[in-house]
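# Coordinates in review
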Amino acid sequence: MAQITLVEAINLALAREMERDPAVVVLGQDVGVDGGVFRATLGLAARFGPERVIDTPLAEALIAGMSIGMAVEGLKPVAEIQFSGFAYTVIDQIINHAGRMRQRTRGRLSCPLVLRTPCGAGIHAPEHHSESPEAMFAHIPGIRVVYPSSPRRAYGLLLAAIRDPDPVLFLEPTRLYRLFKEDVADSGEALPLDVCFTLREGSDITLVTWGTMVPETLAAADELAEQGVSAEVVDVATLKPLDMETILASVARTGRCVVITEAARAGSFASEIAANLAEEGLLTLLAPAQRVTGYDVVVPFARLEHQYIPGRARIVAAAKKALAFG
């Protein structure tokens, strides 16, 4: 077991699966010689060779199309898109082919690919390097959307994603890549997909979040605790399929909920969770579910991006608003 960062955990999981399964291949721009733009694939080319760690042209649609072809022919491609803002050109391939392959062939073929991409603001990058498009991808039938928030969960969830027989979009929180370290054992043990993780138990309010916003939400829970408020923190982790049962059970205990995402408000995945709460958990709610989100604007440049990202103060304020009811 070693103390490692989230990006090092990604690298560890990739190496573990490539060692375990010769069908696993890694491809993308600069993933080989340079080890990826954030060095998530550092050292893999030297260890596994250029046949399994493939530097591609700067062509995201080509990367996705190649990955689909590899997947249906028996390989397990793990493709990297350098930033989520460049992933929109792959949506054609993901919607029309990867997500439909099992249905289209009546189960004869599946498409076991993983599409990795860093996302989120906070690293002083241009706006198309800083977006949070999880809701857009969660709307696509036939794919999983996974968004880890710590080194340990990144390692276990990536192992599970690579082993999954269907396509997985694996979002990686850029701001958390090197923010903190955590003990991670290179055991090869995967974490379950399609379940939420309760990171902190509480009795007064449920805070639901994922990816980049988990550390801010835990900090808000600490601040609320200092004020006598017991907050439960739920990390969604797999957005699609959504483990709504865990969220509903938590809200049934606490009676109040705040959903936090860095993405823009309109059509956000926070809205999906709030709608599910209204449909399935209305009688357990003591107050309307609150949403804390980014704003409906393009992510601003470096000097203003931290004004865009929801912080601890906004989460605490939303929690107090929910607690003011009843």
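To be clear, the structure that these remarks concern was listed above.
A brief report on the enclosed structure follows. As the structure is a computational prediction, the values presented were derived from the model and not from experiment.

Let us look at the overall build of the protein. The number of helices and strands found in the protein is twelve helices and 14 strands. Computed over its C-alpha atoms, the radius of gyration of the protein comes to 19 Å, within 12% of the 20 Å expected for a compact globule of 326 residues. With the principal axes as the frame, the protein shows a C-alpha extent of 60 × 45 × 40 Å. The buried share of the protein, taken over its 326 residues, is 56%. For the protein, the exposed surface amounts to about 13,300 Å²; the carbon and sulfur share of it is 54%. Side chains of the protein give 30 positive and 39 negative charges; the mean places of these two sets differ by 2 Å.

Moving on to the pattern of salt bridges. Inspection of every chain in the model, using the stated rule, returns 16 salt bridges. Of the charged contacts, one joins Glu17 and Arg20 as a salt bridge, the two residues approaching to 2.9 Å between their closest N and O atoms. Residue Glu17 and its partner Arg20 are located together in helix α1 (residues 6–20), separated by three residues, close to a single helical turn. Looking at Glu17, the relative accessible area reads 0%, which means it is buried. One salt bridge in this structure joins Lys76 and Asp21, with 3.0 Å as the shortest N-O distance. Taken together, the residues Lys76 in strand β4 (residues 76–80) and Asp21 in the loop between α1 and β2 (24–28) connect sequence positions 55 residues apart. Of the residues examined, Asp21 reaches a relative accessible area of 12% and is grouped as buried. Put simply, Glu17, Arg20 and Arg163 are held in one network by salt bridges that share partners.

Our focus in this paragraph is a negative patch on the surface. Side chains of Glu245, Glu272, Glu279 and Glu280 sit close together on the surface and give a patch of like negative charge. Within the fold, Glu245 resides in helix α9 (residues 244–254). Taking the relative accessible area as the measure of exposure, Glu245 reaches 58% and is therefore exposed.

Another point: the packing of α1 against helix α7 (residues 151–163). Relative orientation of the contacting elements α1 and α7 amounts to 30°, with a least axis distance of 8 Å. Considering only the axes of α1 and α7, their crossing is right-handed. Of the residues in α7, those touching α1 at Leu6, Ala9, Ile10, Leu12, Ala13, Leu14, Arg16, Glu17 and Arg20 are Pro151, Ala154, Tyr155, Leu158, Leu159, Ile162 and Arg163. Classifying every residue of the contact of α1 with α7 gives twelve nonpolar, no polar and four charged.

Right, let's talk about the sheet that holds strand β14 (residues 290–294) for a bit. In spatial order, the strands read β9-β11-β10-β13-β14; together these five strands make up an open sheet with mixed pairing. Looking at which strands have only one partner, the edges of the open sheet turn out to be β9 (197–200) and β14. Direction aside, the axes of adjacent strands within the sheet are offset by 25° on average. Inspection of the sheet shows strand β13 (residues 257–264) paired to β14 by four bridges, in the parallel sense. Bridge assignment links Val259 to a residue of β14, and that residue is Arg291. Most of the contacts of helix α12 (residues 312–323) go to β14, to which it runs at about 160°, and overall it touches β10 (205–209), β13 and β14.

Attention shifts here to the environment of Leu157. Within the secondary structure layout, Leu157 lies in helix α7. Leu157 sits ten residues away from Tyr147 along the chain, and the two C-alpha atoms are 8.7 Å apart. With residues up to four places along the chain from it excluded, the contact list for Leu157 reads Val146, Pro148, Phe170, Leu191, Pro192, Leu193, Phe197 and Ala237.

Let us look at the side chain of Ser130. Position of Ser130 among the secondary structure elements: in the loop between β5 (114–119) and α6 (134–138). In this view, Ser130 contacts Gly120, Ala121, Ala125, Glu262, Val299 and Glu305; residues no more than four positions away in its chain are not counted.

A separate point is the nonpolar core. Counting residues in each nonpolar core, the largest one holds 44 residues, and the members touching the most others are Trp210, Ile247, Ile273 and Leu277. Apart from the residues within four sequence positions on either side, Trp210 is in contact with Glu134, Tyr147, Asp235, Val236, Ala237, Leu239, Val259, Ile260, Thr261, Phe269, Ala270 and Ile273. Among the nonpolar cores identified, the runner-up in size contains 37 residues, and Val114, Leu157, Ala161 and Ala237 belong to it.

It is worth spelling out the pairing of β2 at this point. Within β2, five of the five residues are buried, which leaves the element mostly enclosed by the surrounding structure. The side-chain alternation of β2 yields two buried faces, one formed by Val24, Val26 and Gly28 and the other by Val25 and Leu27. Relative to β4, β2 is paired through five bridges, and the arrangement is parallel. What sits directly across from Val25, in β4, is Pro77. Alignment of β2 against strand β3 (residues 53–55), held across three bridges, turns out to be parallel. By the bridge assignment, Leu27 is partnered in β3 with Ile54.

Thresholds applied
- Residues numbered from 1 in each chain as written.
- Predicted model: local features only at pLDDT ≥ 70, side-chain atom pairs only at ≥ 80, totals over all residues.
- Heavy atoms only, no water.
- Helix = DSSP H or I, 4+ residues; strand = E, 2+ residues; numbered from the N terminus.
- Rg over C-alpha atoms; globule rule 2.2 N^0.38 Å.
- Buried < 20%, exposed > 50% of the residue type's maximum accessible area, 1.4 Å probe, protein only.
- Areas by Shrake-Rupley, 256 points an atom, 1.4 Å probe, with all protein chains shown as cover.
- Lys, Arg positive; Asp, Glu negative; His and termini not counted.
- Charge placed at Lys NZ, Arg CZ, Asp CG, Glu CD.
- Salt bridge = Lys/Arg side-chain N within 4 Å of Asp/Glu carboxyl O.
- Patch = residues over 30% accessible without salt bridge, like charges linked within 9 Å, V, L, I, M, F, W, Y side chains within 5 Å.
- Axes fitted to C-alpha atoms, helices over the stretch in contact; angles between N-to-C directions.
- Left-handed = near helix turned anticlockwise from the far one by under 90°.
- Contact = heavy atoms within 4.5 Å.
- Nonpolar A, V, L, I, M, F, W, Y, C, P; charged D, E, K, R; others polar.
- Pairing = 2+ DSSP bridges.
- Core = buried A, V, L, I, M, F, W, Y, C linked by side-chain atoms within 4.5 Å.

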